[in-house]
Each structure stands twice: as structure tokens, then as C-alpha cells.
Amino acid sequence: MRTMPLVYQSLIISIVVFCVPKASQAHIAKHGANTELVVLGIAQDAGYPQTLCYQPHCMPAWQDKSLRKMATSLAVVDHAAKAHYLFEATPDLPQQLYLLQQEWSQPDYLLQGVFLTHAHMGHYTGLMHFGRESAATKQIAVYAMPAMRSFLENNGPWSQLVKLKNIELKTLQHQREVTLGSIKVTPLLVPHRDEFSETVGYLIKGPTKTALFIPDIDKWQKWSTAIEDLIPQVDYALLDATFYSADELKGRTMADVPHPLVIESMSRLKNLAEDQKQKIIFIHLNHTNPLLKPSSPESLAVTAAGFRIANEGLILPL
Ligand SMILES: [Zn+2]
Ligand SMILES: [Zn+2]
Ligand SMILES: [Zn+2]
């Protein structure tokens, strides 16, 4: 092959480099927001289908991988800063980061922080993928409440992530806002089974919109804040929908699993105006939850009542 004079080669290279639009600009043009929230997973901690469950509701997802759902997690993408923030480190973290970077955001953005709600398996164990047996990250900022922080510092294998500086813990305080680039994050303590840590939800404020994220909470009436009073103050509310109704809890009493049932949440919030109801997006679905199936009568009842159900890859402008 004949070689091209060097001057033409460099001209061609500079034309190519100059003409390639910046991926982030293209993305902003497509989605219209500089800061976005992305839903990375919608299932309860154990995912869907669940380990050792071969009942009729889980069998379709064992047989067809496309029906599987990952554990509840969100990402916030700050396009101006080319930064990603994760909310929760789930057992599905490798796949969730892959989809975030390759499909829902941009591959060259950096993971600049991880916010944890509490120490139940679906919400923090994905941190293991930052360790020396895996990605061996360098000082990924992990934001946690005081008891959650102490749990990670004082129990293996998490303590090794701290010791080897794969992660760098940052302490959060109830209702104290943290600012990172274009987002402001405020943890809110909520009642939940707190065996190893306290539990928080998050207010996630972007330049134009605010999301409330409460993946796990006991009954609404056990919380000092009235959920219906919080809805008008936010643009999206991603709320605990672990169980649709008590029908799913065969053999277990409600006292064992004190989550707000979806039917209870819908009843409590039924008097909100239509535009307020549309802010509510149900998430954190147990493997037994009929809302995992978009065509189920329960899913149709939720949307007919004016509420929404989260799905993987849902992008909300912040
Ligand atoms: Zn959970
Ligand atoms: Zn199941
Ligand atoms: Zn939990």
C-alpha cells in the first residue's frame, strides 16, 4: 500500500477528530437534561427469580433470562461533570455498571461515589466487586450513615476494602445535605429492621428536579414524616413496593415483613391530585410481586389508579 504524505494523514486525522461530536453533547441533545436519574434495578434484594424458588411466579424467569430483574438501584448521571453516582451497591453491580456505561450513559464517565441506604444484602454487598479479587478500585467514595460506616469498617470482608483503600468511607448525617457537582443528596432516617445498620432514604436534588428514593421502610404510619406531605415537595418518589398485597405472604405473618403493601400505599395516597400520583413510582419488588409482570391485573390496576411502576433503564431528568 502506498503511503500517503504525512501532511494529508494529519489533516485527515484532525478532520475526523474535529467532526466526531462529543458523546455527552449528543446524549444531552437526545435526552434534554444535563443531569439524569437512571433506574438500574427494580427487584427486592434477592432479585427475580429468587434462589431456590421454583414456584409458578419464578419459573418463567428461570427459563427466559430476558424476564429476570436486578436488585433495586439507581444511578445519577452528571453529564457536565462526566460523573456517575450509584445509589446502592447490589449483588448485580457488575451488570448494572455495564448497562449504565454502555447503554444508558457514557463509557468514559467516572464513578464518583456510591450512596448506601442500609446493610441488607441487596443494598451493599455489591461493594465486594471493588475489592482486590475484582476491580481493585482506588478510593471510590462510599457515603454511609454512622452505623453503616462502622459496620463496614469492623466486619470482614468489607473492612479489607477500607484497609486497602479500594473504597473511602464518607459519613452522612440525617437531613444533612451533601453537594457533589450538580446534585445535592440528603439522607432521611426511616424505620426498618435495623439489625446491622440504620436505614435511610434519599432526597436527590438535581439542577431542576428532585427525586425521593425509599426502597425499604416499615409501614408508613411508623415514620415520623407523613409520606403524602413529602410528595408535593418532590418531582419523583421511588417508593418501597416489596409486596403488592398480603396474598404473597403465605406461611409468614405480616409482622415478619412489615413493609407498606402497595394496596395500602395506593389507598393512603388515593386523594392526591392526578399530577401528584404520577410522581409515585413503585420499586423494590419481591419475587412474589405481581407487579413484576407488566400485563398482570395488579400492574394494570396500579397504572389505572394513576401511579407508576419502575422499570430497568427508566431515565428521569433531574
Ligand atoms: Zn431491600
Ligand atoms: Zn419466587
Ligand atoms: Zn432492608
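Caption draft 1: Focus on a nonpolar patch on the surface. A contiguous nonpolar patch, built from Leu 52, Tyr 54 and Trp 62 and spanning about 360 Å² of accessible area, is present on the exposed surface. Here Trp 62 is to be found in helix H3 (residues 59-63). With a relative accessible area of 30%, Trp 62 lands in the partly exposed category.

Caption draft 2: Highlighting the environment of Leu 93. Mapped onto the elements of the fold, Leu 93 is located in helix H4 (residues 93-104). For Leu 93, a relative accessible area of 4% puts it in the buried group. When the C-alpha positions of Leu 93 and Met 70 are compared, they lie 8.9 Å apart, and in sequence the two are 23 residues distant. Leave out the neighbours within four places in its chain, and Leu 93 touches Leu 86, Gly 126, His 129 and Phe 130.

Caption draft 3: Spotlight on the sheet that holds strand E10 (residues 210-214). If you trace the seven strands from one edge of the open sheet to the other, you get E7-E8-E9-E10-E11-E12-E13, paired in mixed fashion. Because the sheet does not close on itself, it has two edges, and the strands there are strand E7 (178-180) and strand E13 (308-309). Relative to E10, strand E9 (residues 200-205) runs antiparallel, the two sharing four bridges. Counterpart to Ile 204 in the pairing with E10 is Ala 211.

Caption draft 4: Quick look at the pattern of salt bridges. Within this structure, the stated rule accounts for eight salt bridges. The shortest N-O distance in the salt bridge between Glu 195 and Arg 193 comes to 2.9 Å. Of the residues examined, Glu 195 reaches a relative accessible area of 47% and is grouped as partly exposed. For Glu 228, the salt bridge is made with Arg 268, and the minimal N-O distance between the two is 2.8 Å. One end of the pair, Glu 228, is in helix H8 (residues 227-230); the other, Arg 268, is in helix H9 (residues 262-268), and 40 residues separate them in sequence.

Reading guide: rules and limits
- Residues numbered from 1 in each chain as written.
- Chains lettered and ligands numbered in written order.
- Predicted model: local features only at pLDDT ≥ 70, side-chain atom pairs only at ≥ 80, totals over all residues.
- Heavy atoms only, no water.
- Patch = residues over 30% accessible without salt bridge, like charges linked within 9 Å, V, L, I, M, F, W, Y side chains within 5 Å.
- Areas by Shrake-Rupley, 256 points an atom, 1.4 Å probe, with all protein chains shown as cover.
- Salt bridge = Lys/Arg side-chain N within 4 Å of Asp/Glu carboxyl O.
- Helix = DSSP H or I, 4+ residues; strand = E, 2+ residues; numbered from the N terminus.
- Buried < 20%, exposed > 50% of the residue type's maximum accessible area, 1.4 Å probe, protein only.
- Contact = heavy atoms within 4.5 Å.
- Pairing = 2+ DSSP bridges.

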